[in-house]
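Chains, contacts and geometry: an overview
Each chain, letter by letter, is given below.
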Amino acid sequence: MPAISCQEISKSYGHYQVLRSVTLTVHEGECFSLFGPNGAGKTTLLKILATLQRPSEGHYKILGMDGLQDKESIRGHLVFLAHGTHLYDDLNAYENLEFSLALRGNSPTVQDMKLALDRVGIGAFAEMKVRNYSAGMKKRLAIAKAVLTKPKVLLLDEPFTALDTAGTEIMREYIRERLSERGAILMATHDYDKARPITSRAGILRQGAIQEISIDTLKSDDFS
């Protein structure tokens, strides 16, 4: 059974059609990297699969659960790391982690949170308010949140943005960990060089439809 299964997903905003009959499967232990030009609909597709938007047509399943009928059940097994980190500026790292995990019904220990923050390289700043974090530090905190959640399905929107070389490797190592534990990952990105080492399959979203490709043949010209 595929971890992610889309059948004929379309999405329109008024007269503007973003997605056109997108069909895609991602299996457990796979990382599917989705490329495409700006405005192609990559983020829209991720938001639909994260149960944050409804498709105009078509249907999808996450871990065998219906995307339109089983939203709450799906959200308990899925993490969406969006382009923005969606953190609370007036809380410190510990407080952000406690709050976000509590919304999922989880209660991480201080030791668990410390280990996660140390893993992503910001343990020394755990008690600093997030408003004082750089963009890269905020992205690392978002990774720590995902580390504590251990999702079966991980949706990533431009996961390498704002990360330096060390941060990029932290992200890739986390992806490898999820794959080793049979997690399924759908990643929208422009950074094909950074994505290549952890990509199982790849596709380009263009004019609302996905064309599966070999990542070894991908070039920057393919985004135009």
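The structure reproduced in this document is the subject of the present report. (Residues numbered from 1 in each chain as written. Predicted model: local features only at pLDDT ≥ 70, side-chain atom pairs only at ≥ 80, totals over all residues. Heavy atoms only, no water.)

Attention shifts here to the overall build of the chain. Regarding its fold elements, the chain presents seven helices and 10 strands. In terms of C-alpha radius of gyration, the chain reaches 17 Å, essentially the compact-globule figure of 17 Å for 224 residues. The dimensions of the chain, computed from C-alpha atoms along their principal axes, are 45 × 40 × 35 Å. Among the 224 residues that make up the chain, the fraction classed as buried is 51%. Carbon and sulfur atoms provide 48% of the accessible area of the chain, an area that totals close to 10,600 Å². Charged side chains in the chain number 28 positive and 27 negative. The centres of these two groups are separated by 2 Å. (Helix = DSSP H or I, 4+ residues; strand = E, 2+ residues; numbered from the N terminus. Rg over C-alpha atoms; globule rule 2.2 N^0.38 Å. Buried < 20%, exposed > 50% of the residue type's maximum accessible area, 1.4 Å probe, protein only. Areas by Shrake-Rupley, 256 points an atom, 1.4 Å probe, with all protein chains shown as cover. Lys, Arg positive; Asp, Glu negative; His and termini not counted. Charge placed at Lys NZ, Arg CZ, Asp CG, Glu CD.)

Judged by nonpolar contacts, the single largest core of 43 residues is most densely connected at L117, L141, I143, I175, I185 and M187. Element by element, the count of residues in this core is highest for helix α5 (residues 135–149), at eight residues. If we ignore the near neighbours within four places in the chain, the residues touching L141 are L87, A93, N96, L97, L117, I122, V130 and Y133. V18, L46, I48 and I74 belong to the second largest nonpolar core, which has 31 residues in total. (Core = buried A, V, L, I, M, F, W, Y, C linked by side-chain atoms within 4.5 Å. Contact = heavy atoms within 4.5 Å.)

On to the pairing of strand β2 (residues 16–26). The sheet contact formed by strand β1 (residues 4–13) and β2 spans seven bridges and is antiparallel. In the strand pairing of β2, K11 is matched with L19. A loop of two residues connects β1 with β2, the two strands running antiparallel in sequence, and G14 in this loop sits at a positive phi of about 65°. (Pairing = 2+ DSSP bridges.)

Two aromatic rings, taken as a pair, are described by how far apart their centres are and by the angle between their planes. Enumeration according to the criterion identifies one aromatic pair in this entry. A ring pair is formed by Y88 and F99, whose centres lie 5.1 Å apart and whose planes are at 85°; its orientation type is edge-to-face. Remark: F99 occurs in helix α3 (residues 93–102) and Y88 occurs in the loop between β6 (78–81) and α3; sequence separation between them is 11 residues. (Phe/Tyr/Trp six-rings, centres within 6.5 Å; stacked < 30°, edge-to-face > 60°.)

So, on to the environment of R182. Tracing the chain through its elements places R182 in the loop between α6 (165–180) and β8 (184–188). A C-alpha to C-alpha distance of 5.0 Å links R182 and E28, two positions 154 residues apart in sequence. Beyond its immediate stretch of four places on either side in the chain, R182 contacts E28 and G29.

Attention now goes to helix α4 (residues 110–119). What α4 keeps buried is the set M113, A116 and L117. Mapping the buried residues of α4 onto a view down its axis gives an arc of 95°, with all of them on the same face. Of the surrounding elements, those touching the buried residues of α4 are α3 and α5. Two residues or fewer after α4 comes G121, characterised by a positive phi angle close to 85°. (Arc of directions from axis to C-beta.)

A few words now on the packing of α4 against α5. Relative orientation of the contacting elements α4 and α5 amounts to 135°, with a least axis distance of 9 Å. Regarding the angle of α4 to α5, the classification is oblique. Seen from above, α4 lies across α5 with right-handed handedness. In contact with D112, M113, A116, L117 and R119 of α4, α5 contributes L141, A144, V147 and L148. In terms of residue class, the contact of α4 with α5 is made up of seven nonpolar, no polar and two charged. (Axes fitted to C-alpha atoms, helices over the stretch in contact; angles between N-to-C directions. Parallel < 35°, antiparallel > 145°, perpendicular 65-115°, else oblique. Left-handed = near helix turned anticlockwise from the far one by under 90°. Nonpolar A, V, L, I, M, F, W, Y, C, P; charged D, E, K, R; others polar.)

Across the sheet, four strands lie side by side as β2-β1-β4-β5; this open sheet has antiparallel pairing. Here the strands that pair on one side only, and so sit at the sheet edges, are β2 and β5 (65–66). Together, β1, β2 and β4 (57–62) form the strand contacts of helix α1 (residues 42–49), whose direction differs from that of β1 by roughly 120°.

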